[in-house]
Amino acid sequence: MESIAHPLVSIISEKLIKPSSPTCPTKRWHKLSLIDQAFSNSYIPFSLFYTKDAISKNNTQLLEESLSKILSIYYPYAGRLKDNTTVDCNDAGAEFVQVRIDCLISETLNWHNTAIEDLLFPQGLPWSNCTTGGLVVVQLTYFNCGGIAISMCISHKIGDGCSAYNLFRDWSEITSDPNNFSIPSLHYVEQSVFPPPSSGPFLSPLFMSNKHDCVQRRYIFSNEKLLNLKNTVADETEVQNPTRTEVVSALIFKCAVRAAKAKSGIFQPSSMVQAVDLRALVGLPPNAIGNLLTICPTSITNNEESMTISKLVTEMRKSKELVYKTDNINDNMFVALLLKLAKSKQEYHDNGPNAYQITSLVKFALHEIDFGWGKPTKVSIANGLNNKLAILMGNQSGGLDAFVTLTEHDMSVFERDTELLEFASIVPSC
């Protein structure tokens with residue numbers, strides 16, 4: 001393939017899309033929870049690719065009209081941050097940008113072309129620690145062939161990955177069938193579950209992204225390889241029904257730690273930190289909006305021999321079962337960490353010097369989001385947040401995609417790991 005390093009991008013239009021109906025004055029001020037306050041206004045960045053054959057005419061007008069309608073339901077996302085504790089639901093609107101990119105969509109479908117994919121978002125916006133501007137930013141990108149990418153940057157300040165997915169999905173559903181769309185009854189949690197501490201609210205964020213030295217690669221795990229991994233773990237442990245998230249997380253963690261050792265020559269005790277969605281655990285509905293989570297850590301402290309995939313999955317399962325038994329409202333591990341950091345006046349740039357964050361979005365069917373043109377040909381997530389990160393998502397073939405971000409040095413070792421490549425196919429980068 002002839003690679004285009006820096007294709008030309010031209011802006012067609014930029015506008016604000018306001019809610020179709022004004023927000024009730026009694027809902028003007030959206031109060032942010034303790035966990036919301038801890039996050040910076042970083043943007044969770046998804047992009048969906050649709051080929052020429054799938055796209056209907058007049059899609060731009062449809063997208064603008066439906067976004068306006070959905071923002072009247074997800075009204076805090078149409079507002080602006082007043083400060084670190086409050087969103088002013090003033091109906092300022094979501095930013096909507098249209099651009100044309102001088103390349104073919106085929107140059108992104110079977111390749112992980114970060115030079116192109118970075119252009120599918122407003123420059124520098126994904127995962128950035130932004131304090132001004134819209135809380136939702138949409139970019140509609142037209143390729144030369146007629147294909148498009150719909151990219152959405154959704155503020156982490158208001159909600160977590162589940163909240164972001166619900167917004168993206170509901171926008172697609174009202175676009176594809178506006179006459180039969182069932183208006184969701186959202187549950188805005190605000191400060192009802194995690195109120196600010198008695199010492200006072202966080203006046204500035206504790207959790208900041210760090211995009212320095214981030215190199216991202218995409219790996220594909222087929223159903224067959226996932227089954228092989230799960231069967232191996234089931235045969236070697238007492239873990240019943242190991243999940244695909246568990247086995248892939250363990251494999252990525254093991255290989256990442258091994259890659260880091262190649263630089264120093266010394267095995268470093270390390271940990272894997274996973275986010276746990278609390279909605280079902282604390283009796284909240286799936287459409288609850290907010291950062292409703294805790295963390296589930298798994299550590300390797302002894303030696304490299306303790307780092308088999310089966311042993312890691314066993315430890316992960318123990319850690320998860322402990323979370324499930326915990327009172328995650330009054331004894332939340334993530335909240336306790338944030339309070340400790342706030343007391344010591346530290347920022348939570350990452351999870352520690354040898355900590356890897358692995359986030360699973362597998363239960364959120366991003367690969368099935370249909371605006372009326374069929375399912376996307378490809379789903380992607382922008383590079384960034386930090387350089388010890390893996391994000392797992394389901395894919396169109398029923399397998400799993402892993403977007404792994406490491407330092408340039410660690411990635412050069414990681415991507416050649418023979419155990420990793422036994423189960424995963426790397427998407428060629430260019």
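Position numbers for residues start from 1 in each chain and track the written sequence from start to end. pLDDT decides what is reported in this predicted model: residues at 70 or higher carry local features, side-chain atom pairs at 80 or more are listed and counted, and totals for whole chains, interfaces and linings draw on all residues regardless. Heavy atoms throughout the structure, all of them, feed into the side-chain values; hydrogens and water do not.

## Some words on the packing of helix H6 (residues 223-236) against helix H7 (residues 244-264)
Convention followed: To define axes, lines are fitted to C-alpha atoms, for helices over the stretch in contact only, and angles between the resulting N-to-C directions are given on a 0 to 180 degree scale. Helix numbers and strand numbers start at the N terminus; a helix is a DSSP run of H or I with at least 4 residues, a strand a run of E with at least 2. Any angle from 65 to 115 degrees is called roughly perpendicular, while one under 35 is roughly parallel, one over 145 is roughly antiparallel, and all others are oblique. Only heavy atoms enter the contact rule, under which two residues are in contact if any of them lie within 4.5 Å. Note that Gly is not counted as nonpolar here; it falls among the polar residues with everything else outside the nonpolar set of Ala, Val, Leu, Ile, Met, Phe, Trp, Tyr, Cys and Pro and the charged set of Asp, Glu, Lys and Arg.
The geometry of H6 relative to H7 is characterised by a closest axis approach of 9 Å and an angle of 85° between their N-to-C directions. Between H6 and H7, the crossing angle belongs to the class labelled roughly perpendicular. For the pair H6 and H7, the contacting residues are Leu226, Leu229, Lys230 and Val233 in the first and Arg244, Val247, Val248 and Leu251 in the second. Here the residues of the contact of H6 with H7 sort into 6 nonpolar, no polar and 2 charged.

## What to know about the sheet that holds strand S16 (residues 388-394)
Rules: Strands pair, by our definition, only if DSSP identifies at least two bridges between them.
What the 7 strands build is an open sheet, ordered S13-S11-S14-S16-S17-S10-S18; its pairing is mixed. Of all strands in the sheet, those bounded by a partner on one side alone are strand S13 (293-300) and strand S18 (425-426). As judged from the 7 bridges shared by S16 and strand S17 (residues 400-406), these two strands associate in the antiparallel manner. Of the residues in S17, the one forming a bridge with Leu389 is Thr405. Along the sheet, helix H8 (residues 309-325) contacts strand S11 (270-277) and S13; its crossing angle with S13, the most-contacted strand, is approximately 145°.

## Notes on the packing of helix H2 (residues 59-71) against helix H5 (residues 161-176)
Helices that pack against each other are described as a pair by the angle of their axes relative to one another and the distance between those axes. Stated precisely, the cut-off is as follows: In this scheme, a crossing is called left-handed if the near helix is turned counterclockwise away from the far one by less than a right angle; it is called right-handed if the turn is clockwise.
One can describe the packing of H2 onto H5 by two numbers: an axis separation of 9 Å at closest approach and a directional angle of 125°. One element, H2, and the other, H5, form an angle in the oblique class. In this structure, H2 meets H5 at a crossing whose hand is right-handed. Only Leu167, Asp170, Trp171, Ile174 and Thr175 of H5 make contact with H2, whose side of the interface consists of Leu62, Leu63, Ser66, Leu67, Lys69 and Ile70. Its residues placed into classes, the contact of H2 with H5 shows 7 nonpolar, 2 polar and 2 charged.

## Some remarks on the sheet that holds strand S5 (residues 86-88)
Across the sheet, which stays open at both edges, the 3 strands sit in the order S2-S5-S4 with antiparallel pairing between neighbours. A strand with exactly one partner marks an edge of an open sheet, and here the two such strands are strand S2 (29-31) and strand S4 (80-81). Pairing analysis gives 3 bridges linking S2 to S5, with the strands arranged antiparallel. The residue bridging His30 from the neighbouring strand is Val87, located in S5.

## Side note on H6
Applied cut-off: Take the number of residues in a helix, subtract one, and multiply by 1.5 Å to get its expected span. Exposure is judged per residue with a 1.4 Å probe applied to protein chains only, and the accessible area is read against the type maximum: over 50% gives exposed, under 20% gives buried, and values in between give partly exposed. The directions considered for the arc are those from the helix axis to the C-beta atoms.
Helix length check: H6 (14 residues) gives 20 Å between terminal C-alpha atoms against 20 Å at 1.5 Å per residue, within 8%. Within H6, burial applies to Leu226, Leu229 and Val233. The buried residues of H6 all sit within an arc of 65° when viewed along its axis, so they share a single face. Exposed side of H6, more than 90 degrees from the buried face: Glu224 and Asp235 are the residues found there. As for H6, its buried residues are in contact with strand S10 (215-221), H7, H8, S17 and helix H11 (418-423).

## Digging into the pattern of salt bridges
As a reminder of what qualifies: For this document, the term salt bridge refers to a Lys or Arg side-chain nitrogen within 4 Å of an Asp or Glu carboxyl oxygen.
Under the criterion given, the structure shown has 15 salt bridges. With its nearest N and O atoms 3.4 Å apart, the salt bridge here joins Lys82 to Asp83. Residue classification places Asp83 among the partly exposed residues on the basis of a relative accessible area of 33%. With a closest N to O distance of 3.0 Å, Arg218 and Asp401 form a salt bridge. Within this pair, whereas Arg218 is found in strand S10, its partner Asp401 is found in strand S17, the two being separated by 183 residues in sequence. An identical accessibility class is assigned to Arg218 and Asp401; each is buried.

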